[in-house]
Amino acid sequence: MSSVLYDAPGPRAKRRNVLLSVVFVVLFALALWWMWQKMDEKKQLEWALWEPFTTSEAWTTYLLPGLGDTLKAAALSMVIALPLGAVFGIARMSDHRWVRVPAGVVVEFFRAIPVLLLMLFANEFYVRSTDISSDERPLYAVVTGLVLYNASVLAEVVRAGILALPRGQTEAAYAIGLRKGQTMTSILLPQAVTAMLPAIVSQLVVIVKDTALGGVMLGFTELLNSRSTLAANYANVVPSFIVVAIIFIVLNFILTSFASWLEGRLRRSKRGTGAVLGTEDVEDLNAAEAGGTHGTGAIDKV
């Protein structure tokens, strides 16, 4: 079946695709076998190294508290960065230069700085200018760095999503007398959300993973930092890395799966025309269809 994006593959292309798929599967299986052999040679598959993960102590003392701090920092960053990014994205499209230019400077500035550097600056600021305790300071620094960087990235996502909508949407809104603010909140943003959702979710996944930077540089007790303490106690560095990697994979898979479900639900909810009909309108339309007429009076009401 062809589409505007590509032509359906022919017999030769199908055979080539099957051959490439088989070659990839074989190479991937060989790579896994090689890794398994190397780990076995280094005695990383011994049960004594993996046994701690079957006990409650490893999870309740190290992994689960670290996972809780990871989710806490990520959730706070998401809750703050999403609306802040939307505000700056909309501000960058303002007709007023005094709004548009400062918003653009802020977005471009924080988007150009590595998120780790923002965390370090934030931590130093909190050390010198606030009375935040040393126990809470890493969390504040991590959340601040993640918010500043990801809000600037999300601002560009929001701006691109709105600009990608057909211009006729805006013109139609102006034609029925809506102001620019009403057009943005009632017409453009609701439509752009569905289109922006994959990019927004990708950025949320980045937020979850970037919390590990705070553990490495600031001593934030997130999942990866807790793993290092666990590995020091049980002397199982490689297995602990593998377990933590699996936790991150599962966590981000749940996030992307929820986003896919939400996107599908939003798309299904927008299949209607959006017209709100009363009981009399529906009866007029049904009568018009039954009589083979167009029912101009009912259409005028719609």
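Read on for a plain summary of the structure. (Residues numbered from 1 in each chain as written. Predicted model: local features only at pLDDT ≥ 70, side-chain atom pairs only at ≥ 80, totals over all residues. Heavy atoms only, no water.)

A closer look at the overall build of the protein chain
Then step 1. The helix and strand inventory of the protein chain stands at 12 helices and zero strands.
Then step 2. N-terminal to C-terminal, the α/β element order of the protein chain is α-α-α-α-α-α-α-α-α-α-α-α.
Then step 3. A sequence separation of at least 24 residues applies to 70% of the contacts in the protein chain between residues at least 6 apart.
Then step 4. Approximately 19000 Å² of the protein chain is accessible, and the part contributed by carbon and sulfur atoms is 65%. (Helix = DSSP H or I, 4+ residues; strand = E, 2+ residues; numbered from the N terminus. Contact = heavy atoms within 4.5 Å. Areas by Shrake-Rupley, 256 points an atom, 1.4 Å probe, with all protein chains shown as cover.)

What about the environment of Glu108?
Then step 1. Assignment of secondary structure puts Glu108 in helix α4 (residues 97–112).
Then step 2. Note on Glu108: relative accessible area 34%, which makes it partly exposed.
Then step 3. Counting along the chain gives 45 residues from Glu108 to Val153, while the straight-line C-alpha distance between them is 8.9 Å.
Then step 4. Here the side chain of Glu108 touches Arg92 through a polar contact of 3.1 Å, side chain to side chain. (Buried < 20%, exposed > 50% of the residue type's maximum accessible area, 1.4 Å probe, protein only. Polar contact = N/O pair within 3.5 Å; in protein donor to acceptor, adjacent residues only side chain to side chain.)

Digging into the packing of aromatic side chains
Then step 1. If you walk through the whole model with that rule in mind, you get seven aromatic pairs.
Then step 2. Plain terms: the ring middles of Trp50 and Phe53 are 6.4 Å apart, the flat faces sit at 55° to each other, and that makes the pair tilted.
Then step 3. Residue Trp50 is classed as partly exposed on the basis of its relative accessible area, which comes to 21%.
Then step 4. For the ring pair Tyr62 and Tyr234, a centre distance of 6.3 Å and an interplane angle of 85° mean the geometry is edge-to-face. (Phe/Tyr/Trp six-rings, centres within 6.5 Å; stacked < 30°, edge-to-face > 60°.)

Quick notes on helix α8 (residues 180–217)
Because the α-helix completes a turn every 3.6 residues, residues three or four places apart line up on one side.
Then step 1. Given a rise of 1.5 Å per residue, 38 residues ought to cover 56 Å, yet the end C-alpha atoms of α8 are separated by just 45 Å, more than 12% below that figure.
Then step 2. At Met196, α8 shows its largest bend, some 55°, and a proline, Pro198, comes one to four positions later. (Expected span 1.5 Å × (residues − 1). Bend = angle between axes of the 7 residues up to and from the residue.)

What to know about a nonpolar patch on the surface
Then step 1. A cluster of nonpolar side chains, namely Val18, Leu19, Val22, Val23, Val26, Leu27 and Leu30, defines an oily patch on the protein surface of about 630 Å² accessible area.
Then step 2. Within the secondary structure layout, Leu19 lies in helix α1 (residues 11–41).
Then step 3. Given the relative accessible area of 55%, Leu19 is considered exposed. (Patch = residues over 30% accessible without salt bridge, like charges linked within 9 Å, V, L, I, M, F, W, Y side chains within 5 Å. Salt bridge = Lys/Arg side-chain N within 4 Å of Asp/Glu carboxyl O.)

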